[in-house]
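# Structure at a glance
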Amino acid sequence: MKSKFRWIALLIMLLTGTALLTTGQPVQAAKQSTLKIGMEANYPPYNWTQTNANNGAVPIEGSRQYANGYDVKIAKRIGQQLHRKVVVVKTEWDGLLPALTSGKIDLIIAGMSPTAARRKAINFSQPYRKSTFVIITNKNSKYARAKKLSDFKGAKLTAQQGTLHYGLIKQLPGAKRENAMRDFSAMRQSLTAGTINGYVAEDTEYESFKTANRNITAINLNKMSGFHVNPDEAEVSIGVKKGNDQLLTAVNKVLAGISNHQRQQMMSAAVKQQPQIKTKHTNWFINMMHRYGGMILGGVGMTILLALVGTLAGFIIGLLVSIVRTMPDPTKTGNRWLLNFCKWLLAVYVEVFRGTPMMVQAAVIYYGIAQFWHVNLNRTIAALVIVSINTGAYLAEVIRGGIIATPQGQFEAASALGMTHNQQMWHIILPQAIKNCLPSITNEFIVNIKDTSVLSIISVSELFFVGTTIASQSFQFFQTYFVISMIYLIMTFTITRIFNLIEKKLAGSRNYNLMANQVQVGTPQDGEANN
Amino acid sequence: MTDEILRLQHLQKSYGDHQVLRDISFGIKQGEITTIIGPSGGGKSTTLRCINLLEQPTGGEIEVHGENILAAGYNLNAYRAKVGMVFQQFDLFENKNVLQNCMIGQELVLKRSKAEAKQIAMHNLEEVGMAPFINATPQQLSGGQQQRVAIARAISMNPEVLLFDEPTSALDPEMVGEVLAVMKKLAETGLTMVIVTHEIGFAKSISDRILFIADGVIAEQGTPAEILDHPQNEKTQKFLHNFRQNAF
Ligand SMILES: Nc1ncnc2c1ncn2[C@@H]1O[C@H](COP(=O)(O)OP(=O)(O)O)[C@@H](O)[C@H]1O
Ligand SMILES: [Mg+2]
């Protein structure tokens, strides 16, 4: 079970925590008929993503995919008894708590342990599973015969980053604690490759890994003398929003009606049903495309949509901001004060959005809006808004620089013709400034293609998010990320070429046609005025 | 003073505590060619730039047909359209071709139709000998050609007064003649012009009147013969002396 607690979750809770105190009972009530369950859908056998509805899988909100697993089976029991339709909201681990406190989901059923830190933010039900901790190692390793904690002396061990498992290694005297890893698939790879001797996990991880690799074994830690785990952390519970006592009581009632034997059966079924590595084709690439081609294409589409709309909208925002910021002072004092105030606000906007990571902006905006205004933004729309505002802040400075860099003579010549400031800007200055900024705008577009990957924090299924899902299902880490990186490269390369063409077009032809009927090319009455 | 279309009264201009123009007063009559000469840094450009309000004067008055345009509420953009300017560095719009450079002001400021603007622009481009180049962009033209287009751009606005700030100073010597020829032709049409120039010979042949500006004041003024052949002021004498020596 996972006890990850990363800084982003903390930050968002700090930012949104105050709203909790002030607003009392928010959102819900509107859609009583569905029961929204938050989970990663990426943590088998508790929960995973699949492309069909087999084995009683439940649809994932806003996608054509389905979730299944032990958590989903539990969730369905709850839904049945509460007469509510279960919908899974696929959410990154770090986004689960804020999603719950902001009312985007009703319950967290995600293999989550009710740690003291989390109890401060949300309530937990009675445990729906208690687990056994094991060291997973190779059958032929000398640690496979360990009987007591000190038998792991000298073993290179690891566990999942940010989890309680990692801390448990300290209880094994003399064991070498290697760097923690991102997820189980990475640990499986490392064990197979021999870079570690074993890793700490639950018995369920052993059950599922066993089906893929017959050469491994698990050594039960719970039975060894001196091994101690806080019961709170050795259990997984369902997260319920604070103050929602009615739902909490109902959930506990349902859980009390599921016997230990039934729980064991559900877990065994989940272990059997979880995604297997089936190889129909011998070529891993064809195999990957066959299984995940649709998902990858969807990810590419989403990434391009985000980058394209974000860059275009960001360009318009940047243009407007830079126009206001380069306005000359009006003569009336009141207007001048107003304009300077606007300029100041825009300067703050630019500084704030250039000075903070887009990942944090996404989290704050997405969860913040839900918390403060009780508006449940569509994920894709939220992502589009975030990329646009972020890009706008960068391009505002780029275009402002372009305006300032336009030769003073261009302004003066336009003034001398009697053009107003607006006419000068739109007809003379901006066309030149934008043309000069085009390389920077292209660059921003390319940066957007790559940087939208951080939007996985709000679970937008862009290319990187899709890649992570595929990698953890197929365990083909290198292959998956290699394919993903190639796709990124193809996209950025293509865009660079397209913009180069546009730039060439804008630069215009290097030749001009002399007007055919005008023969005279030289000077009129040359020399007449020469002294 | 009814025949004066423009009059500067005790015009002053300071940048911070640096007083560039101390007291400039003169009138411009319809159809008159006024040439301004003087040492570098004396305030010639600043005088021109104050006339079309690229710089805001810090004292004095600018009267147009007897009305002070520095008074509050005067429509400055309409006034600027009536006072044309030709710059030392040409300053053609780099995002427009030759024809568009001559049309844009007419369309935006004078609200002329595209067809009318084009007809007027073509006529003036022919006058300056640049009609064959209407599709060229400024970067594709020589300095002399650019300056002739800039003149066509200015006269397409039908200004009451046309200001020239050293129009040939940035040109290679072999191109000076073509621009001066165009200016001479313009002068013959009766256009009112104020010219800052170092082309003394040209000034002598074209001017009705010459002003000598040094240290922010008009040190001396009169007919070309008075100023150039019999200068009274010591500064004028020295300036012309140096000038003739350098130009052998
Ligand atoms: N924007 C400005 N700020 C400060 N001083 C200026 C500015 N423009 C011109 N000056 C000063 O004003 C004086 C007159 O300049 P200018 O009118 O360009 O002279 P001229 O055209 O006769 O050579 C010079 O001493 C110059 O340094
Ligand atoms: Mg000058």
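For the structure itself, consult the block above.
This report concerns the structure included in the present document. (Residues numbered from 1 in each chain as written. Chains lettered and ligands numbered in written order. Predicted model: local features only at pLDDT ≥ 70, side-chain atom pairs only at ≥ 80, totals over all residues. Heavy atoms only, no water.)

### Digging into the site of ligand 1
All names here are of chain B. What counts here: Proximity is defined per residue: any heavy atom of the residue falling within 4 Å of a molecule or strand makes that residue near it. We define a polar contact as two N or O atoms separated by no more than 3.5 Å, with the added condition that, inside protein, one atom must be a possible hydrogen donor and the other a possible acceptor, whereas residues neighbouring each other in sequence contribute only through side-chain atom pairs. Only the protein chains shown count as cover for residues, and the accessible areas themselves come from Shrake-Rupley with a 1.4 Å probe. Counting from the N terminus, the helices are DSSP H or I runs at least four residues long and the strands are E runs at least two residues long. Lys, Arg, Asp and Glu make up the charged group, whereas Ala, Val, Leu, Ile, Met, Phe, Trp, Tyr, Cys and Pro make up the nonpolar group; the residues left over, Gly among them, are polar.
Residues in close proximity to ligand 1 include Tyr15, His18, Val20, Pro39, Ser40, Gly41, Gly42, Gly43, Lys44, Ser45 and Thr46, which together make up its full environment. His18 is positioned with one of its side-chain polar atoms (N or O) 3.5 Å from an oxygen atom of ligand 1. One of the side-chain nitrogen or oxygen atoms of Ser45 is found 2.7 Å away from an oxygen atom of ligand 1. Burial of ligand 1 by the protein chains amounts to 61% of its free accessible area of 560 Å². Taken together, the elements giving at least two residues each to the shell around ligand 1 come down to strand 2 (18–29) and helix 1 (44–51). With three residues, helix 1 is the largest single contributor of residues to the shell around ligand 1. For the shell around ligand 1, the per-class residue count stands at three nonpolar, seven polar and one charged.

### Details of the sheet that holds strand 12 (residues 198–202) of chain A
All names here are of chain A. Filter applied, for reference: Here, strands pair whenever DSSP counts at least two bridges between them. We call two residues in contact whenever any of their non-hydrogen atoms come within 4.5 Å of each other. A fitted line through C-alpha atoms serves as each axis, taken over the contacting stretch for helices, and the angle formed by two N-to-C directions is quoted from 0 to 180°.
Reading across from one edge, 11-10-12-9-13 is the order of the five strands in this open sheet, with mixed pairing throughout. Edge positions in the sheet fall to strand 11 (176–177) and strand 13 (216–220), since each has one partner strand and no second. The pairing of strand 9 (residues 133–138) with strand 12 spans five bridges and is classified as antiparallel. Bridge assignment links Val134 to a residue of strand 12, and that residue is Ala201. The sheet strands contacting helix 6 (residues 184–193) are strand 9, strand 10 (156–158), strand 12 and strand 13, and the helix crosses strand 12 at an angle near 145°.

### Digging into the packing of helix 10 (residues 284–325) of chain A against helix 16 (residues 463–474) of chain A
Residues and elements named next belong to chain A. The following threshold applies: Throughout this description, any angle smaller than 35 degrees is read as roughly parallel, any larger than 145 degrees as roughly antiparallel, any in the 65 to 115 degree range as roughly perpendicular, and the remainder as oblique.
Packing of helix 10 against helix 16 leaves a shortest axis separation of 7 Å and a crossing angle of 160°. The orientation of helix 10 with respect to helix 16, classified from their angle, is roughly antiparallel. Contacts between helix 10 and helix 16 involve Tyr292, Met295, Ile296, Gly299, Val300 and Thr303 on the former and, on the latter, Leu463, Val466, Thr469, Ile470, Gln473 and Ser474. Here the residues of the contact of helix 10 with helix 16 sort into seven nonpolar, five polar and no charged.

### Observations concerning helix 3 (residues 98–108) of chain B
For clarity, the threshold we go by: Burial here depends on accessible area, computed with a 1.4 Å probe over protein chains only, as a share of the maximum for the residue type. Under 20% is buried, over 50% is exposed, and the range in between is partly exposed.
The buried count for helix 3 of chain B comes to nine of eleven residues, which makes it a mostly enclosed element. If you check which residues of helix 3 of chain B are buried, you get Val98, Leu99, Asn101, Cys102, Met103, Ile104, Gly105, Gln106 and Leu108 of chain B. Against helix 15 (421–451) of chain A together with helix 4 (114–127) and helix 5 (143–155) of chain B lie the buried residues of helix 3 of chain B. The N-cap of helix 3 of chain B, judged by a side-chain oxygen 3.1 Å from the amide nitrogen of Leu99 of chain B a few residues on, is Asn97 of chain B.

### Quick look at the sheet that holds strand 6 (residues 107–108) of chain A
Residues and elements named next belong to chain A. Taken in spatial order, the five strands line up as 5-1-6-15-7 in an open sheet, and their pairing is mixed. Taken across any chain shown, the strands that pair with only one partner, and hence form the sheet edges, are strand 5 (85–90) and strand 7 (123–124). Inspection of the sheet shows strand 6 paired to strand 15 (residues 239–240) by two bridges, in the antiparallel sense. Within strand 15, the residue paired with Leu107 across the bridge is Val240.

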